[in-house]
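# Fold and contact review
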Number of protein chains: 2
Amino acid sequence: MKCSQKMAQAQAARNSRLCVGIDPDINRMPAGLENTPADFERFVREIIAATADQACAFKFNLAFFERLGGAGLDILQRCAADVPRDIPTIADAKRGDIGNTAEAYAEAYLGAMDFDSITINAYMGRDAVMPFIKRPGKLAFVLAHTSNPGAADFQYWTQDGQKLYNEVVRRCREWSDEAEGECGFVVGATRAAVISEVRESAPGAPLLIPGVGTQGGDPAAVVAANGTEGICLVNVSRAIMYASSAGDYSTAAAAAARSFRESLN
Amino acid sequence: MKCSQKMAQAQAARNSRLCVGIDPDINRMPAGLENTPADFERFVREIIAATADQACAFKFNLAFFERLGGAGLDILQRCAADVPRDIPTIADAKRGDIGNTAEAYAEAYLGAMDFDSITINAYMGRDAVMPFIKRPGKLAFVLAHTSNPGAADFQYWTQDGQKLYNEVVRRCREWSDEAEGECGFVVGATRAAVISEVRESAPGAPLLIPGVGTQGGDPAAVVAANGTEGICLVNVSRAIMYASSAGDYSTAAAAAARSFRESLN
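Anyway, here's the lowdown on the structure attached to this text.

Calculation notes
Residues numbered from 1 in each chain as written. Chains lettered and ligands numbered in written order. Predicted model: local features only at pLDDT ≥ 70, side-chain atom pairs only at ≥ 80, totals over all residues. Pairing = 2+ DSSP bridges. Helix = DSSP H or I, 4+ residues; strand = E, 2+ residues; numbered from the N terminus. Axes fitted to C-alpha atoms, helices over the stretch in contact; angles between N-to-C directions. Contact = placed C-beta atoms within 7 Å. Nonpolar A, V, L, I, M, F, W, Y, C, P; charged D, E, K, R; others polar. Least-squares fit on C-alpha atoms with pLDDT ≥ 70 in both.

Residue and element names in this part refer to chain B. Pairing in this closed barrel of eight strands is parallel, and the strands run E1-E2-E3-E4-E5-E8-E9-E10 around the ring. For this sheet the average axis-to-axis angle between neighbouring strands, irrespective of direction, equals 30 degrees. Here strand E8 (residues 183-187) runs beside strand E9 (residues 207-209); their pairing, made up of two bridges, is parallel. Its bridge partner being in E9, Phe-185 is matched across the sheet by Leu-207.

Let us now look at the interface of chain B and chain A. Taken together, the 48 residues of chain B in the interface contact 48 residues of chain A. Breaking the side of chain B that touches chain A down by element, the ones donating at least two residues are helix H3 (62-66), helix H4 (69-82), strand E3 (89-95), helix H5 (99-112), helix H6 (126-133), helix H7 (151-155), strand E6 (158-159) and helix H8 (164-179) of chain B. In terms of residue count, the dominant contributor to the side of chain B that touches chain A is H5 of chain B (seven residues). In the side of chain B that touches chain A, the residues fall into 21 nonpolar, 15 polar and twelve charged.

Turning to the relation of the copies chain B and chain A, a few remarks are in order. Once chain B has been moved 0.0 Å along the axis and rotated by 180 degrees, it coincides with chain A to within an RMSD of 0.0 Å. The relationship between the two copies is best expressed as a two-fold rotation axis. Taking C-alpha positions as the reference, the residue of chain B nearest the rotation axis is Gly-70 of chain B, at 1.9 Å. Here 100% of the contact residues of chain B are again contact residues in chain A; the copies associate through an equivalent surface.

What follows is the structure in structure tokens.
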């Protein structure tokens, strides 16, 4: 099955566009949990269990696991395996490197750890992208226009009226067709006009849209900008994981996830 | 001590511009070693011990460690700690993400694992770069112009006569000054004219130059293009680690490292 098909099925089954982002900060544990690897893992697993009914995808932010060293990557692997099999997983890795190194990253996350998809950075060009998009049943979300304040610094660099992020979308579409693989794009929620623009130039590509919640993107505007044609996975991380810092964090996360899911329909 | 000062001292002490790249492929172990984590670690440690006399830096390619999961990150940490304390280490991570995530990556590799420096990708702009360059005693090598075939795909995107990689250098210099931190740049060995260009726009910045060896860059041309002013660390990975696939891999690596060091002087 194509990865985009798995995504479409998960969206239909749960009537959800909500991607739950797993960004667990070991220095910010809710009440009742210590800042130990064991409690960190427990926190993540409880959030997954509490929100799986509402989620069409889970995105794991690798930085917060890597900060724990080897133990962190082991926890990542166990937590990703904990996600119900019909819900697609995303390794939010933002990797990008020369061909043989990109192959090793693809093997690490799409192979050994068996994530369904991964976020990647296309700055290094074709050979940095190909190893991630050519794997059957897998998908790479390429960074196009991000949600952070620095997005405009380089992504708007303009040649012949074409902004860099548009060129990234155009070229990665070509490579994806060439590889008979699948790519999607990361487009921040904070500028709805850019979502429409990317959607227009990549009609069938899944869009991963972060920036709703703590970062301030508006759910209704995001969904309207995406239109009714392609898949959009709207990611919310901290506003769900940290919906409560008290002992009721998992019920609060479930309630927040339900509320975000509804606001995206 | 500033990181660039540590680099300059290591270069002077060993009369070397050679950065030994640690790209260990678990599917390509030399004779006498199995493709197990234990032998993988032994291989890396033997290469470090065999080449430390010739090296002014060690660069660890994280992909090849991450492919082993949690065990791989533990091995990475132990191997990096094995490098003699006066030789600077580089986490070749090519990370780049929004502010709080970039902080977590910086904490992982410059904090917990205590690498001296890290390679980063600036596509996401200022807040993706700052957490890595503001740490006292540490340095971030920002990808400018890379050595791979895909380098031209996006890095040459040109606005008002200025290529993207030039703009990356210009802006990161500003941010580094603003943070009173240190940044250097990754510039591939395969185009000497680009090295001269980056050196001119960033006179004092250390340059990390991959692409000599297996990728075909010419040592003498690279050093001439850098000139006599700033630090350049010329990286060779596979042509040293895999100088021999027989049981003499560590003596062959030592000989290859010596030969590359000499060709860079």
